[in-house]
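A closer look at the structure
Listed below, chain by chain, are the residues.
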Amino acid sequence: MTKLDMGNDVDAVVSRLRALLDGPGLAVEQTMLKTGWVSALPQLHQLREQVKRLHAWAPHLQPTEGGLGMSLVEFAKVSEVLGRSPIGHWIANCQAPDIGNMELMHSHASHELRTRWLTPLMAGDIRSCFAMTEPEHAGSNPVWMSTRAVLDGGDYVINGHKWFTTGADGAAFTIVMAVTDPAGLPHKRATMILVPMDTPGLTLVQNIQVMGERGGDHHSHAELLFENVRVPYANRIGHEGQGFELAQARLGPGRVHHCMRWIGICERAFDLMCRRAVQRELSPGETLGRRDTVQHWVAECRADIDAARLLVLEAARLLEKGGVMLARDQISAIKFFTANTMQKVLDRAIQVHGALGLTDATPLALWWAHERGSRIYDGPDEVHKQSLGRSILKRYMQ
Ligand SMILES: Cc1cc2nc3c(=O)[nH]c(=O)nc-3n(C[C@H](O)[C@H](O)[C@H](O)COP(=O)(O)OP(=O)(O)OC[C@H]3O[C@@H](n4cnc5c(N)ncnc54)[C@H](O)[C@@H]3O)c2cc1C
């Protein structure tokens, strides 16, 4: 029996998390917006304890692991409500990139690696990161990379340069993608290897300044240098040469997670926009919401958000039913459609707020800056459109 069977249904979890984020969570969100993620950490940790007491911790994990045993579709609904706040996923321990690493290690890490690293990750006692992209190569062609891992005795010796490694600052370990068979087929060249962040030779060069913010801790993206980093062969995840296959498997559910978080962002931005539209007066008694333009924006955003949600839930259903191969087209479609919907909704919401929309009074400005990356990471728009278009046209060629 899962925790959900025990009267803890998805709607109940969603309502409890919504009440937390709209109640005590708002003050913590304000601290984070005004003073940054790192200074909000003590309050964020307190909120994590409240999430545990509300039986809403780690919805994606099994009850035996302290979670709620939710299916992907169920988790998608929870992910939406958590997405309403920039602190939402972290306080429930289902934030990227940790959630992807948890899923990956569950299915492909050895018992020893799971005991040493996955157990404290699931408990929220440590954080992790995922180092694949390199500044010297196009990330949208991930089979092209320079980072090498060479076997030496019972160890891998890793050399390479990575960047945009989200959450590396303060993480306990990274999962690095490194070429182990340079002469192999392009998709069979690389292997995933777990590297503790305190391993000699691994340097966090800097937290990269992104849209004017360097950030810190979970809320950062780092440049990493691997110089003769030595880890045991047993730190391999999956088989040698299986890196890209595992990355693909990791990205399928990952895109559903991101998209549902973005729908949550859309809904919050939509609420803020509508509230502002009915309150802000252009002249006494003449609210913004009485203007055609604003009414059209509200109508368009409503339809776009609802369409995006339906697409994402359908992709999640197909993914659960038949894996990445069955849901491939839908996963490509939701990635660019939802990211662009979010960008449009945020833009409209900021416009309705005027100058206020650029301040830290709401999360709109933070999202505008930080979620621009959504159209680039996990595959840029163009790559997903090309992949979907090609797949559709192939059916007409038979
Ligand atoms: C906020 C953020 C967080 C990230 N976190 C991580 C992380 O934790 N770990 C990690 O390893 N990486 C991470 N990344 C890196 C991310 O995966 C890469 O940025 C992404 O794969 C794109 O690679 P690139 O930046 O090298 O762009 P490039 O590959 O150089 O592409 C540049 C542009 O070219 C265009 N383009 C690319 N391919 C095509 C095509 N086939 N057809 C037409 N146009 C095309 C697109 O417009 C694209 O934006 C993160 C990135 C961001 C922005």
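Residues numbered from 1 in each chain as written. Predicted model: local features only at pLDDT ≥ 70, side-chain atom pairs only at ≥ 80, totals over all residues.

Another point: the domain arrangement of the protein chain. In terms of domains, the protein chain is made up of domain 1 (10–94), domain 2 (128–239) and domain 3 (244–396). Centre-to-centre, using C-alpha coordinates, domain 2 lies 30 Å away from domain 3. With 11 residues of domain 2 at the interface, the matching set in domain 3 holds 9 residues. (Domains from an automatic or database assignment. Contact = placed C-beta atoms within 7 Å.)

Moving on, we get to the packing of helix α2 (residues 24–35) against helix α3 (residues 37–53). For the pair α2 and α3, interaxial distance at closest approach is 8 Å and the crossing angle is 165 degrees. Taken together, the axes of α2 and α3 lie roughly antiparallel to each other. Every pair of crossing elements has a handedness; the one defined by α2 and α3 is left-handed. Mapping the contact onto sequence places P24, G25, V28, T31, M32 and T35 in α2 and W37, S39, A40, Q43, L44, L47 and Q50 in α3. (Axes fitted to C-alpha atoms, helices over the stretch in contact; angles between N-to-C directions. Helix = DSSP H or I, 4+ residues; strand = E, 2+ residues; numbered from the N terminus. Parallel < 35°, antiparallel > 145°, perpendicular 65-115°, else oblique. Left-handed = near helix turned anticlockwise from the far one by under 90°.)

Glancing now at α3. An ideal rise of 1.5 Å per residue puts 24 Å on 17 residues; α3 measures up with 23 Å between its terminal C-alpha atoms. Of all the bends in α3, the greatest measures close to 40 degrees and is centred on Q43. Taken residue by residue, α3 has W37, A40, L44, L47 and V51 as its buried positions. Where α3 is buried, its residues meet α1 (10–22), α2 and α5 (88–91). (Expected span 1.5 Å × (residues − 1). Bend = angle between axes of the 7 residues up to and from the residue. Buried ≥ 20, exposed ≤ 12 C-beta atoms within 10 Å, placed from the backbone.)

Of all hydrophobic cores here, the largest spans 106 residues; its most connected members are I193, A269, V312 and A349. A per-element tally of this core places helix α9 (residues 292–353) first, with 23 residues. (Core = buried A, V, L, I, M, F, W, Y, C linked by C-beta atoms within 7 Å.)

Here 5 bridges tie strand β2 (residues 148–152) to strand β3 (residues 155–166), and the two strands are oriented antiparallel to one another. Bridging across to β3, A149 finds its partner in I158. As consecutive antiparallel partners, β2 and β3 are separated by 2 residues, and within that stretch G153 has a phi angle of approximately 65 degrees, a positive value. (Pairing = 2+ DSSP bridges.)

Below, the discussion takes up the environment of P200. Among the structural elements, P200 can be located in the loop between β5 (190–196) and β6 (202–207). Between the alpha carbons of P200 and E227 there is a distance of 8.4 Å; along the sequence they are 27 residues apart.

Taken together, 19 residues lie near the ligand, and M132, A138, G139, S140 and G373 sit nearest. Sorting the residues of the shell around the ligand by element identifies β1 (128–131), β3 and α11 (381–396) as the ones contributing at least two each. For the shell around the ligand, the residue count by class is 10 nonpolar, 8 polar and 1 charged. Two domains each put at least three residues into the shell around the ligand: domain 2 (128–239) and domain 3 (244–396). (Near = placed C-beta within 6 Å. Nonpolar A, V, L, I, M, F, W, Y, C, P; charged D, E, K, R; others polar.)

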